[in-house]
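Here are the chains, one letter per residue:
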Amino acid sequence: MDHFHQVNGVLHAEDIALPMLADAVGTPLYVYSRATLTRHARVFRDALAVLPRVKLAFAVKSNPNLAVLKVLAAEGYGADVVSGGEMERALAAGMAAEGIVFSGVGKTHAELARALEAGIGQFNLESEEEGLELAEIAVRLGKTAACALRVNPDVDAGTHGKISTGKAENKFGVPYDRAAAIYARLATTPGLTMRGLALHIGSQLSRLDPLEAAFTKIGQLMQAIRAAGHAVTHIDFGGGVGVPYKAGEVFPQPKDYAAMVARVTQGWDITAMFEPGRVITGNTGVLMTRVVRVKEGVGAPWVVVDAAMNDLARPALYDAWHDFAAVSPTGETMEANIVGPICESSDTFAMGRTIDAVKRGDLAVFRTAGAYGATMANTYNSRPLVPEVMVDGTKWAVVADRIEPATILAAERVPEWLA
Ligand code: LLP
């Protein structure tokens with residue numbers, strides 16, 4: 001469910017007509033609906049309320065915009081961060097340091113130290129080496145780091161290979177068979193308080209059974225670690241719940257996910273932590289674009305739009321599907337290849353797709369672009385960095401400026417010895 005809908009034949013975000021935003025801000029442009037964001041945040045949170053103790057850490061990487069984080073902070077979300085930059089954003093949005101979880105295989109010495117100083121709530125350690133390094137910094141700073149050990153459960157998440165993270169051959173976490181020994185060592189290392197286990201097997205999961213298999217394995221590991229005399233009070237189940245990108249696709253709902261977790265974790269006596277990203281932000285945004293021209297093609301015409309792979313990388317990177325819809329549809333359809341202006345063939349959004357008929361100058365949107373959209377944008381081909389707008393009922397605001405090439409040029413230098 002989202003709040004992008006047709007009113008008198010024109011696509012609106014809540015009460016705002018998209019053509020008005022295109023006139024005011026230009027295209028390409030991400031448009032977020034606050035009501036949709038709030039709704040998804042609440043549906044997920046309320047579904048998990050069936051569990052005794054829950055902590056929610058929004059996966060900032062899916063949409064790090066400050067206004068988005070601010071809305072989620074007000075809904076009781078903390079943050080799952082994977083870099084010093086994401087941590088600064090979460091803090092800037094007013095999220096309590098205690099509610100921040102720091103994940104990632106490559107946290108640097110400087111990032112670990114800064115996070116300790118900021119007093120973040122939990123480090124998800126991805127290796128014994130990282131734990132020992134963190135312990136050393138903590139002792140030096142006179143602090144204790146609350147930690148979970150991220151375990152690689154060696155389960156196939158059944159999603160795209162590039163966003164699978166829970167197979168033994170993926171770089172994430174410690175091997176399942178070594179986890180109990182590493183936990184025991186870190187639990188007796190000064191500077192650390194080992195409080196739990198963490199896992200995340202992949203993103204855009206369309207089925208619950210790989211998650212259930214992984215959670216069950218983590219439960220067995222938890223029992224073994226407890227039996228060896230160590231405390232396990234927190235389990236971080238990661239993110240990964242998928243969303244439909246194509247009209248008609250059916251995905252597990254948050255309440256199905258919550259019921260599965262409740263069943264698997266019955267009697268575990270833990271605080272259950274979650275790191276949802278896409279399920280919260282995916283439907284919250286669209287990428288609005290304007291048709292630059294329609295060019296004759298082989299099989300189908302090329303619809304060249306002013307958005308490109310630098311603005312929305314998912315189709316180029318993962319062959320991902322994003323529904324394409326005209327802002328003012330005529331009711332006619334056409335077969336088209338939708339491409340951006342970038343000078344490589346990977347700049348393709350869709351091939352041979354039946355879409356709303358569009359012509360030069362028309363506005364259209366790529367749907368379900370609120371997660372892993374603007375956050376992955378770049379300035380390839382010296383294009384501007386795409387701006388973002390948030391709509392809230394009849395109000396709207398630019399929540400990220402379009403960064404023009406002139407601004408980027410101003411940060412580049414020609415050394416004297418070339419002048
Ligand atoms: N926790 C950890 C440790 C993660 O690595 C991720 C995502 C999440 C939580 C959130 O996962 P979600 O609930 O959003 O599925 N750029 C890719 C997705 C990469 C996901 C990376 N990790 C895409 O556009 O599909």
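Residues numbered from 1 in each chain as written. Predicted model: local features only at pLDDT ≥ 70, side-chain atom pairs only at ≥ 80, totals over all residues.

So, on to helix α4 (residues 84–92). What α4 keeps buried is the set E86, M87 and A90. Along α4, the residues classed as buried sweep out an arc of 100 degrees about the axis, all on the same side. Set apart from the buried face of α4 by more than 90 degrees, the exposed residues are G85 and A92. Residue G94 follows α4 closely and has a positive phi angle near 90 degrees. (Buried ≥ 20, exposed ≤ 12 C-beta atoms within 10 Å, placed from the backbone. Helix = DSSP H or I, 4+ residues; strand = E, 2+ residues; numbered from the N terminus. Arc of directions from axis to C-beta.)

A separate point is the sheet that holds strand β3 (residues 16–17). If you walk across this open sheet you meet the 3 strands as β1-β2-β3, and the pairing is antiparallel. Both outer strands of the open sheet, β1 (4–7) and β3, are each paired with one neighbouring strand and no more. When strand β2 (residues 10–13) meets β3, the two strands line up antiparallel, connected through 2 bridges. Paired with A13 across the strands is I16, a residue of β3. (Pairing = 2+ DSSP bridges.)

What tends to happen in soluble globular proteins is that the nonpolar side chains get buried as a cluster. Counting residues in each nonpolar core, the largest one holds 115 residues, and the members touching the most others are V31, L149 and L197. If one sorts the elements of this core by residue count, helix α8 (residues 209–227) sits on top with 7 residues. The residue makeup of this core includes at least three contributed by each of domain 1 (4–32 + 282–409) and domain 2 (33–280). For L197, the contacting residues outside a window of four places in its chain are A148, L149, V151, I218, L221, M222, V232 and I235. (Core = buried A, V, L, I, M, F, W, Y, C linked by C-beta atoms within 7 Å. Domains from an automatic or database assignment. Contact = placed C-beta atoms within 7 Å.)

With respect to the secondary-structure elements, G229 resides in the loop between α8 and β12 (234–236). Judged by local crowding, G229 falls into the exposed class, with 8 C-beta atoms found within 10 Å. Each C-alpha atom of the pair G229 and Y77 lies 32 Å from the other, and the pair is 152 residues apart in sequence.

Below, the discussion takes up the site of the ligand. Around the ligand sit 21 residues in total, of which A59, S203, G239, G277 and Y372 are the nearest. Residues of the shell around the ligand, tallied by class, amount to 8 nonpolar, 9 polar and 4 charged. When residues of the shell around the ligand are sorted by domain, at least three fall in each of domain 1 (4–32 + 282–409) and domain 2 (33–280). (Near = placed C-beta within 6 Å. Nonpolar A, V, L, I, M, F, W, Y, C, P; charged D, E, K, R; others polar.)

Regarding helix α3 (residues 66–74), the residues found buried are A67, V68, L69, V71 and L72. Note on α3: the residue one or two positions beyond its end, G76, has a positive phi of about 90 degrees.

With that settled, the discussion passes to the pairing of strand β14 (residues 285–295). The sheet contact formed by strand β4 (residues 29–33) and β14 spans 4 bridges and is antiparallel. Bridged to Y32 within β14 is G285. Relative to strand β19 (residues 363–366), β14 runs antiparallel, the two being bridged by 4 bridges. If you follow L287 over to β19, its bridge partner there is F366.

To continue, consider the packing of helix α5 (residues 109–118) against helix α6 (residues 128–141). Where α5 contacts α6, the two axes come as close as 10 Å, and the packing angle between them is 45 degrees. One element, α5, and the other, α6, form an angle in the oblique class. For α5 against α6, the interelement crossing comes out right-handed. Taking contact as the criterion, the partners of H109, L112, A113, L116 and E117 in α5 are, on α6, E133, L134, I137, A138 and L141. Looking at the contact of α5 with α6, its residues break down into 7 nonpolar, 1 polar and 2 charged. (Axes fitted to C-alpha atoms, helices over the stretch in contact; angles between N-to-C directions. Parallel < 35°, antiparallel > 145°, perpendicular 65-115°, else oblique. Left-handed = near helix turned anticlockwise from the far one by under 90°.)

Taking the numbering used here, the UniProt-annotated feature "modified residue: N6-(pyridoxal phosphate)lysine" (unreviewed entry) corresponds to K61. With respect to the helices and strands, the residue K61 is situated in the loop between β5 (54–59) and α3. Under the C-beta neighbour-count criterion, K61 is labelled buried, with 21 such atoms within 10 Å. When sequence neighbours within four positions are dropped, the list of residues in contact with K61 reads V82, E86, G277 and T375. (UniProt positions renumbered as here; feature names shortened; annotations may be inferred.)

The next thing to look at is the pairing of strand β17 (residues 333–339). A regular strand carries its side chains on alternate faces of the sheet. Note: strand β15 (residues 302–305) against β17, 3 bridges, orientation parallel. Residue pairing in the sheet places V304 in a bridge with V339 of β17. Here β17 runs beside strand β18 (residues 348–356); their pairing, made up of 6 bridges, is antiparallel. Residue I338 lies in a different strand from β18, and its bridge partner there is A350.

A separate point is the UniProt feature "binding site: substrate" (unreviewed entry) in the protein chain. Here the UniProt feature "binding site: substrate" (unreviewed entry) sits at R278, R314, Y318, E344 and Y372. Taken along the chain, the residues just named run across 95 residues; in space they spread out, the farthest C-alpha pair reaching 27.8 Å. On the secondary structure map, Y318 appears in helix α11 (residues 314–318). Overall, the presence of 16 C-beta atoms within 10 Å leaves Y318 in the partly exposed class. Not counting the four nearest positions on each side in its chain, Y318 is found in contact with H160, K162 and I163. In this structure, E344 sits in the loop between β17 and β18. Of the residues examined, E344 has 12 C-beta atoms within 10 Å and is grouped as exposed.

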